[in-house]
Amino acid sequence: MLPNKHIIALSAAVLLLANVTTEKGTALAQSIPSLKDTFKKDFGIGTALNNAQIEERDPQMTEFIARQFNMATPENIMKSALIHPKWDTYDFSMGDKLVDFGRKHNIKINGHTLIWHSQLPSFIRGIHSQDSIRTFFTDHIKTVAGHYKGKVFSWDVVNEALNEDGTLRKSVFLQYLGDDYITQAFRLAQEASPGTELYYNDYNNEQPAKRAGCLALIKKVKEAGVRIDGVGIQGHWHVGKIPLNDIEESINQYAALGMKVMFTELDIEVLPRNFQGADVGQRMTANEQSNPYAAALPDSVQQQLAADYEALFKLFLKHKDKVTRVTFWGINDGQSWLNNWPIRGRTSYPLLFDRNNQPKPAFYRVIGLKKG
Ligand code: G3I
């Protein structure tokens, strides 16, 4: 019989061990293959980072990120509402931390995003003159791109400017500045940050009509003699419905215009939704069927998800001469925006790592493409 104090010490040690592996689950996952190393000769591997990750609140998570990824995009903190909260006030605190994070862990930062119709500062709603919108637009790009000159690798200069039919979205910028605003945005970004790669980024721009609009947009910028280096296909797709043919056609057509092609916000939704895409303005009402996998993901769906990821990465590898980066929109399922969109509080499973940061079958299928 052990004396009481030994029993207490032993139980504490067991509890501690259990915590390390179950609470975060990151300890074990450090020993798995690394995505960035596996694809190092092919393309960059990125992730979206949230505040907790940028601030390194969990050292195991930091280590995990540094081991798996060599590129990162801020999920929210460089959007105009956060970085430019008042007319004459900018807040670079989190963005600067992100830049430090990148330097420290050898991760290239893609700034996201300079001009987007969503997550605009609230003061924009009170502006109703062309002059003021133009001043906001110009000052915002000059100040933000200027601040991060030489500090970020690239910028999503303009985000989601297109409608599904390929026409330009009626954003505040289109309304007040006309359709030349996109070229202007690239011109200003180039002047403010000459050494930075400049991209156009959108969702569903692999679909034929939207792709045609995107190709026209790129041509227009180039014909004005303004630099645009690449195009981001966000890649918010749905399990069992990956548009592989459209994606391949898009890679070829964008590359034919001299664009670097990137998959910038990759995730695969497994939950029911009655529309495609990632328009954050769209919402759905919850019902009894809308959160079917609250307890666990059925194996059949898990396997389909794995097959979808494998097929996608097979395609990316086939076109590795044109695809320069693949970025996941988040590290693990628990942190994905899809748990809260288009319905709040669901349980989604869109990424390669589960809620404990453990690799899912999809991870091994993707890694397996480079073995043997
Ligand atoms: O930070 C506040 C918090 O203080 C507040 O209590 C809480 C209550 O709603 O909201 C928090 O802000 C949320 C923010 O994410 C941070 O979590 C916003 O409501 C929420 O709208 C915001 O969602 C982001 C969304 O963009 C907004 O546009 C998602 O995290 C982000 O993943 C998503 O990312 C976009 C890309 O930038 C562009 N492409 C589509 C992609 C997915 O929508």
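All values derive from a computational prediction rather than experimental measurement.

1. Brief notes about the overall build of the protein
When its secondary structure is counted, the protein shows 14 helices and nine strands. In terms of overall dimensions, the protein has a C-alpha envelope of 85 × 45 × 45 Å along the principal axes. Put simply, the protein has 372 residues, and 54% of those count as buried. Nonlocal contacts in the protein, meaning residues at least 24 apart in sequence, comprise 81% of its contacts between residues at least 6 apart. Roughly 16000 Å² of accessible area belongs to the protein as shown, and the carbon and sulfur atoms make up 52% of that amount.

2. Comments concerning the UniProt feature "active site" (unreviewed entry) in the protein
Here, the residues flagged by UniProt with the feature "active site" (unreviewed entry) are Glu265. For Glu265, the location among the structural elements is in strand β8 (residues 260–269). Assessed through its relative accessible area of 5%, Glu265 is described here as buried. At 3.2 Å, the side chain of Glu265 forms a polar contact with the side chain of Asn201.

3. What about the side chain of Asn339?
Assignment of secondary structure puts Asn339 in the loop between β9 (323–328) and α14 (361–368). Engagement of the side chain of Asn339 in a polar contact is seen with the backbone oxygen of Asp333, the distance being 2.8 Å. Here Arg355 takes part through its side chain, which lies 2.9 Å from a polar atom of the side chain of Asn339. Not counting residues within four places of it along the chain, the set of residues in contact with Asn339 comprises Asp333, Gly334, Arg344, Gly345, Arg346, Thr347, Ser348 and Arg355.

4. Here's the deal with the pairing of strand β2 (residues 71–74)
Every second residue of β2 is oriented toward a common face, with Met71 and Thr73 on one face and Ala72 and Pro74 on the other, all of them buried. Pairing analysis gives two bridges linking β2 to strand β3 (residues 108–116), with the strands arranged parallel. In the strand pairing of β3, Ala72 is matched with Ile109.

5. Describing the site of the ligand
Lining the immediate surroundings of the ligand are 15 residues, of which Glu75, Lys79, His112, Glu160 and Glu265 lie closest. Within the side chain of Glu75, a nitrogen or oxygen atom sits 2.5 Å from an oxygen atom of the ligand. With respect to the ligand, the side chain of Glu265 contributes an N or O atom lying 2.7 Å from a nitrogen atom. With the chains in place, 55% of the 790 Å² that the ligand exposes on its own is no longer accessible. If you map the ligand onto the pockets, it falls in the largest pocket. Considering only residue class, the shell around the ligand consists of four nonpolar, six polar and five charged.

6. What about the layout of surface pockets?
Rolled over the atoms, a probe sized like a water molecule indicates the empty space that remains. Counted as a void, the largest pocket has a volume near 380 Å³. Residue lining of the largest pocket: 22 residues in total, with Glu75, Asn76, Lys79, Val280 and Trp337 positioned closest to the centre. Across the lining of the largest pocket, the residue classes tally to six nonpolar, ten polar and six charged.

7. Quick look at the pairing of β9
Counting buried residues in β9 gives five out of six residues, a clear majority hidden from the surface. Direction of pairing for strand β1 (residues 44–49) relative to β9: parallel, over a ladder of four bridges. Bridging from a neighbouring strand, Ile45 pairs with Val326 of β9. In this fold, the crossover linking β8 to β9 by way of helix α13 (residues 299–318) has right-handed handedness.

8. Describing the environment of Asp96
Tracing the chain through its elements places Asp96 in helix α7 (residues 93–105). Among the residues examined, Asp96 registers a relative accessible area of 29% and is labelled partly exposed. Among residues more than four places away in sequence, those in contact with Asp96 are His147 and Tyr148. Looking at Asp96, its side chain comes within polar contact range of the side chain of His147, at 2.9 Å.

Definitions and limits used
- Residues numbered from 1 in each chain as written.
- Predicted model: local features only at pLDDT ≥ 70, side-chain atom pairs only at ≥ 80, totals over all residues.
- Heavy atoms only, no water.
- Helix = DSSP H or I, 4+ residues; strand = E, 2+ residues; numbered from the N terminus.
- Buried < 20%, exposed > 50% of the residue type's maximum accessible area, 1.4 Å probe, protein only.
- Contact = heavy atoms within 4.5 Å.
- Areas by Shrake-Rupley, 256 points an atom, 1.4 Å probe, with all protein chains shown as cover.
- UniProt positions renumbered as here; feature names shortened; annotations may be inferred.
- Polar contact = N/O pair within 3.5 Å; in protein donor to acceptor, adjacent residues only side chain to side chain.
- Pairing = 2+ DSSP bridges.
- Near = heavy atom within 4 Å.
- 1 Å grid on protein atoms, 1.4 Å probe; cavity = no way out; pocket = protein on both sides within 12 Å on 5 of 7 lines; lining within 4 Å.
- Sits in = over half its atoms within 2 Å of the grid points.
- Nonpolar A, V, L, I, M, F, W, Y, C, P; charged D, E, K, R; others polar.
- Points joined across faces, edges and corners; volume = space filled by probe spheres on them.
- Right-handed = clockwise from strand over helix to strand, strands pointing away.

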